[in-house]
Amino acid sequence: MTPGLLYLLASVVCSVAVAAMLKLARRWQVDVRQAILANYAVAALLCWVVLRPDPAALLTPQTPWRVLAALGVLLPSGFMAMALAVRHAGVVRSDAAQRLSLFIPLLAAFLLFGEPPSTRKLAAIALAFGALFLLLRRPRAPGAPAEAVRTESASQIRTLADAQPPASTPDAAAAAAAAAAAAAADRRAMWLWPLAVWVAYGLVDILFKQMARAGTAFAGGLLLAFALAGVLTLAYLLWRRVRWAPRHLAAGVALGALNFANILTYIRAHQALPEHPALVFASMNMGVITLGTLVGALVFREPLTRWNGLGLALALAAIVLMAPW
């Protein structure tokens, strides 16, 4: 296997590993907010050490501070949305939603920046929206009502409600109402958070493209974005007066290393395969969706319906059609 393909494989593995860590965060009782803070501190440090951005290029009149400020808000917000999406909807749907977000910049190019649409790109967008719709459908057992689909939190509420006989009818009614409300919230979360991931990561992609158009060097812009995201996340956590614990920050160190490794190996794959950008683009996105599906279905036992499977197939087809062959 060539170095370029090895970099590509490593990037796919790191991307799915980030989602798997977010999936395990609740089981390990990790405060994802603190982990996200440590993640940006580590990513910024690694960016400075490995990519070596030019300090003189970081602070120039051309630096797009509004774009960077928006990235500082959207990066941790998108990461948090990804954590909630993985918790409620699973690795499969969350990874697919993240990869399908690449079609938002494509829409922006047509609607905001005046790029002429082509039949191929419009077909890819149509397939992507169809895939997103099918992926956000809730799984249910054959013949079971929609209420049969529960997440862990709703199941726990029902277990507690059933384990203790109600002392009075009002108490039973209150417990039933609370269980129904929790179930409704979980059903909303199963499609709402993957949709938030799709929007957030799509907007982040647009902002990075705007930063590149402003002439900001990639390494310097990435470092500033990571640093600002970390500062804003720290300010938020101090405002919320969180209870700090070393294990949350340690999890964030691992998360940041994987996050930066994903970015670095993807860059190295493009550098090692300069004549095959379509191969890198398609393989990365298809690889994450495929490996994410295997990890979600086999490791975490996430239920998938035939409609979800069709959505994954449409997502892969949209990526192939979108690739700059």
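Residues numbered from 1 in each chain as written. Predicted model: local features only at pLDDT ≥ 70, side-chain atom pairs only at ≥ 80, totals over all residues. Heavy atoms only, no water.

Regarding the overall build of the protein
Then comes step 1: Within the protein, the regular secondary structure consists of 13 helices and zero strands.
Then comes step 2: The N-to-C order of helical and strand elements in the protein reads α-α-α-α-α-α-α-α-α-α-α-α-α.
Then comes step 3: Across the protein, every contact between residues at least 6 apart in sequence was considered, and the portion connecting residues at least 24 apart equals 86%.
Then comes step 4: Put simply, the protein shows about 16300 Å² of open surface, and 68% of that area lies on carbon and sulfur atoms. (Helix = DSSP H or I, 4+ residues; strand = E, 2+ residues; numbered from the N terminus. Contact = heavy atoms within 4.5 Å. Areas by Shrake-Rupley, 256 points an atom, 1.4 Å probe, with all protein chains shown as cover.)

Regarding helix H2 (residues 32–51)
Then comes step 1: When the terminal C-alpha atoms of H2 are compared, their 27 Å separation across 20 residues agrees well with the 28 Å that a helix rising 1.5 Å per residue should span.
Then comes step 2: The N-terminus of H2 is capped by Asp31, whose side-chain oxygen sits 3.1 Å from the backbone nitrogen of Arg33.
Then comes step 3: Phi turns positive one or two residues past the end of H2, at Arg52, with a value near 50 degrees. (Expected span 1.5 Å × (residues − 1). Polar contact = N/O pair within 3.5 Å; in protein donor to acceptor, adjacent residues only side chain to side chain.)

Notes on a nonpolar patch on the surface
Then comes step 1: Taken together, the side chains of Leu45, Trp48, Val49 and Val50 make up a nonpolar region of the molecular surface, amounting to roughly 370 Å² of accessible area.
Then comes step 2: Within the secondary structure, Val49 is located in helix H2.
Then comes step 3: By relative accessible area, Val49 is classed as partly exposed at 45%. (Patch = residues over 30% accessible without salt bridge, like charges linked within 9 Å, V, L, I, M, F, W, Y side chains within 5 Å. Salt bridge = Lys/Arg side-chain N within 4 Å of Asp/Glu carboxyl O. Buried < 20%, exposed > 50% of the residue type's maximum accessible area, 1.4 Å probe, protein only.)

Brief notes about the packing of aromatic side chains
Then comes step 1: Under the counting rule described, the total for this entry stands at four aromatic pairs.
Then comes step 2: With centroids separated by 6.2 Å and ring planes inclined at 85 degrees, the aromatic side chains of Tyr40 and Phe79 adopt a geometry described as edge-to-face. Of this pair, Tyr40 sits in helix H2 while Phe79 sits in helix H4 (residues 65–89); the two residues are 39 residues apart in sequence, bridging distant segments of the chain.
Then comes step 3: For Tyr40, a relative accessible area of 3% translates into the label buried.
Then comes step 4: The class of Phe79 is buried, set by a relative accessible area of 5%.
Then comes step 5: Between Phe129 and Trp198 the ring centres are 5.5 Å apart and the planes differ by 75 degrees, which places this aromatic pair in the edge-to-face class. Placement of the pair is Phe129 in helix H7 (residues 119–135) and Trp198 in helix H9 (residues 169–213), with a sequence separation of 69 residues.
Then comes step 6: Taken together through their ring pairs, the aromatic side chains of Tyr40, Phe79 and Phe226 make up a single cluster.
Then comes step 7: When the ring centre of Trp239 is taken as reference, the NZ or CZ atom of Arg240 above it lies at 5.7 Å. (Phe/Tyr/Trp six-rings, centres within 6.5 Å; stacked < 30°, edge-to-face > 60°. Lys NZ or Arg CZ within 6 Å of the ring centre and 35° of its normal.)

Topic: the pattern of salt bridges
Then comes step 1: Within this structure, the stated rule accounts for three salt bridges.
Then comes step 2: We note a salt bridge from Lys23 to Glu302, for which the minimum N-O separation is 3.5 Å. Of this pair, Lys23 sits in helix H1 (residues 3–25) while Glu302 sits in the loop between helix H12 (277–299) and helix H13 (306–322), placing them 279 residues apart in sequence.
Then comes step 3: According to the relative accessible area criterion, Lys23 is partly exposed, its value standing at 23%.
Then comes step 4: Put simply, Asp205 and Lys209 hold a salt bridge, and the shortest N to O gap is 2.7 Å. Of the two residues, Asp205 and Lys209 both sit in helix H9, four residues apart, roughly one turn of that helix.

As for the environment of Trp28
Then comes step 1: Along the polypeptide, Trp28 turns up in the loop between H1 and H2.
Then comes step 2: Taking the C-alpha atoms as reference points, Trp28 and Ala251, separated by 223 residues in sequence, lie 9.6 Å from one another.

Section: the nonpolar core
Then comes step 1: In this structure, Leu22, Leu71, Leu75 and Phe226 are the most contacted members of the largest nonpolar core, which totals 56 residues.
Then comes step 2: Among the elements of the structure, H1, H2, H4, H9, helix H10 (218–240), helix H11 (246–272) and H12 are those that each provide at least two residues to this core.
Then comes step 3: With eleven residues, H4 is the largest single contributor of residues to this core.
Then comes step 4: Not counting chain neighbours up to four residues away, the residues in contact with Leu75 comprise Tyr40, Val204, Ala225, Phe226 and Ala229.
Then comes step 5: By size, the runner-up hydrophobic cluster in this structure holds 29 residues, among which are Leu102, Leu136, Trp198 and Ala323. (Core = buried A, V, L, I, M, F, W, Y, C linked by side-chain atoms within 4.5 Å.)

A closer look at the environment of Ala43
Then comes step 1: Its location among the elements puts Ala43 in helix H2.
Then comes step 2: Those residues in contact with Ala43, other than ones at most four positions away along the chain, are Phe226, Gly256 and Phe260.

Observations regarding the side chain of Ser15
Then comes step 1: Along the polypeptide, Ser15 turns up in helix H1.
Then comes step 2: Taking relative accessible area as the criterion, Ser15 reaches 5% and is therefore assigned buried.
Then comes step 3: Residues within four places of Ser15 in sequence aside, it is in contact with Arg99, Asn262, Met284 and Val288.

So yeah, pure geometry; function would need other evidence.
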